[in-house]
Amino acid sequence: MAIRKKSTKSPPVLSHEFVLQNHADIVSCVAMVFLLGLMFEITAKASIIFVTLQYNVTLPATEEQATESAFLYYYGIKDLATVFFYMLVAIIIHAIIQEYVLDKINRRMHFSKTKHSKFNESGQLSAFYLFSCVWGTFILISENYISDPTILWRAYPHNLMTFQMKFFYISQLAYWFHAFPELYFQKTKKEDIPRQLVYIGLYLFHIAGAYLLNLNHLGLVLLVLHYFVEFLFHISRLFYFSDEKYQKGIAVLASICITQAFMMWKFINFQLRRWREHSTFQAPTVKKKPTVTKGRSSRKGTENGVNGTVTSNGADSPRNRKEKSS
């Protein structure tokens, strides 16, 4: 009687692309539920909390400031629902970039597992940093923060925000919250998870702190500057992985050094100009001595008096003393 051997085949392993496509489809269905809820009157009130920004205030128009009413926003507990919805949107966008851009490049370059994960990380973050940096710069220009930097600290606390300012912070919080489930979807190594958790947690701590403490103006400036530096770093790392001879990486490194030198030069000139203006303002003014005109009129004035008036010395002349004695 023949004995059947047990099958030693391992269970099928799901590919990385299948996992990404599967979770993207599930998240897309959940997001569509909220969007479809806006079409029905019964569920519209609940869905609108997730899709649109909450806590809006209408300021009436004034003759001095504007000709139209201003719509401003403040924060509240309902913002968590809005952050959750746009976290789902961030997961979908993450999957689209991964499938249609990064995975195609990975197939051409034939990276190792280590380079594959780092390339995907830098590719996702460079796209996010570039988008956020351009968006934040547009807000700074449109709200006159660059032309008038005193707006950053004037009239603090800044309890009210414009639509684009609040939507920027909601999007930032949604993106960094979406990074937690992405650790599972991307099959991050166990030894890399603590580093990623600290990295994500620091961003959430500072962004949420600026949002809740009404430091949204200052936080926006710092985020734009920080995102610009991070974008240069991840772009240089992408060039490092894609170029074996490291020619592009050396070029990116040189551009970073030139940018840093230019910023330092501008900073030094700005400080020197402030120092000169400060020293000129505090310098004591030298008083000019009154000029004495020489001539017969001035001499006569000194003898008989000042400006034609008779002084006491002129009244006690020898002739007057002789008249008094007689």
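Keep in mind that this is a model prediction, so the values were computed, not measured.

Reading the values: the criteria
Residues numbered from 1 in each chain as written. Predicted model: local features only at pLDDT ≥ 70, side-chain atom pairs only at ≥ 80, totals over all residues. Heavy atoms only, no water. Helix = DSSP H or I, 4+ residues; strand = E, 2+ residues; numbered from the N terminus. Buried < 20%, exposed > 50% of the residue type's maximum accessible area, 1.4 Å probe, protein only. Polar contact = N/O pair within 3.5 Å; in protein donor to acceptor, adjacent residues only side chain to side chain. Axes fitted to C-alpha atoms, helices over the stretch in contact; angles between N-to-C directions. Parallel < 35°, antiparallel > 145°, perpendicular 65-115°, else oblique. Contact = heavy atoms within 4.5 Å. Nonpolar A, V, L, I, M, F, W, Y, C, P; charged D, E, K, R; others polar. UniProt positions renumbered as here; feature names shortened; annotations may be inferred. Phe/Tyr/Trp six-rings, centres within 6.5 Å; stacked < 30°, edge-to-face > 60°. Patch = residues over 30% accessible without salt bridge, like charges linked within 9 Å, V, L, I, M, F, W, Y side chains within 5 Å. Areas by Shrake-Rupley, 256 points an atom, 1.4 Å probe, with all protein chains shown as cover. Salt bridge = Lys/Arg side-chain N within 4 Å of Asp/Glu carboxyl O. Core = buried A, V, L, I, M, F, W, Y, C linked by side-chain atoms within 4.5 Å.

Our next topic: the environment of Asn214. Mapped onto the elements of the fold, Asn214 is located in the loop between helix H6 (193-212) and helix H7 (216-242). You can call Asn214 buried: its relative accessible area is 12%. Among the polar contacts listed, one links the side chain of Asn214 to the side chain of Asn159, at a separation of 3.0 Å.

All right, on to the packing of helix H4 (residues 113-142) against H6 then. Running from amino to carboxyl end, H4 crosses H6 at an angle of 5 degrees, the nearest separation of the two axes being 15 Å. In terms of orientation, H4 lies roughly parallel with respect to H6. Facing H4, whose interface residues are Glu121, Leu125 and Tyr129, H6 presents Arg195, Gln196, Tyr199 and Tyr203. Taken together, the residues that form the contact of H4 with H6 break down as 4 nonpolar, 1 polar and 2 charged.

Now for the UniProt feature "transmembrane region" (unreviewed entry) in the protein. Sites flagged by UniProt as "transmembrane region" (unreviewed entry) map to residues 26-51, 83-102, 123-147, 167-185, 197-229 and 249-268. Counting secondary structure, residues 83-102 comes out at 100% helix and 0% strand; the distance between its end C-alpha atoms is 26 Å.

Tallying each qualifying case throughout the model produces 27 aromatic pairs. Pairing Phe34 with Phe50 gives two aromatic rings, centres 4.5 Å apart and planes at 35 degrees, and the pair type is tilted. With Phe34 in helix H1 (residues 16-37) and Phe50 in helix H2 (residues 41-51), the pair connects residues that are 16 residues apart, well separated along the chain. You can call Phe34 buried: its relative accessible area is 14%. Measuring from ring centre to ring centre gives 4.1 Å for Trp176 and Tyr203, while their planes differ by 5 degrees; the resulting arrangement is stacked. With Trp176 in helix H5 (residues 163-185) and Tyr203 in helix H6, this residue pair connects regions lying 27 residues apart in the sequence. The residues Trp176 and Tyr203 share a single accessibility class, namely buried.

Taken together, Met32, Leu35, Leu36, Leu38, Met39, Phe40 and Ile48 make up a surface patch of nonpolar side chains, about 670 Å² in accessible area. Sort the elements by how many residues they give to the nonpolar patch and H1 lands first, with 3 residues. Relative to the assigned elements, Leu38 resides in the loop between H1 and H2. Here Leu38 falls in the partly exposed class, since its relative accessible area comes to 36%.

Attention shifts here to the pattern of salt bridges. Per the counting criterion, the structure on display carries 2 salt bridges. Asp79 serves as the salt-bridge partner of Lys166, at 3.1 Å between the closest nitrogen and oxygen. With Lys166 in helix H5 and Asp79 in helix H3 (residues 79-109), the pair connects residues that are 87 residues apart, well separated along the chain. Relative accessible area serves as the criterion here: at 0%, Lys166 is assigned to the buried category.

Here we come to the environment of Thr58. Mapped onto the fold, Thr58 is located in strand S1 (residues 56-59). For the pair Thr58 and Leu72, spaced 14 residues apart in the sequence, the C-alpha separation amounts to 6.3 Å. Beyond its immediate sequence surroundings of up to four residues, Thr58 is in contact with Ser69, Ala70 and Phe71.

Among soluble globular proteins, nonpolar side chains are generally buried collectively. Residues Tyr129, Tyr169, Trp176, Ile207, Leu220 and Tyr227 are the most contacted members of the largest nonpolar core, which totals 48 residues. Counting residues per element, the ones that place at least two in this core are H1, H3, H4, H5, H6 and H7. The leading source of residues in this core is H5, at 11 residues. Not counting the four nearest positions on each side in its chain, Tyr169 is found in contact with Ile207, Ala210, Tyr211, Leu215, Asn216, Gly219 and Leu220. In terms of nonpolar packing, the next biggest core, distinct from the first, is built from 5 residues, Leu102, Phe111, Phe119 and Leu238 among them.

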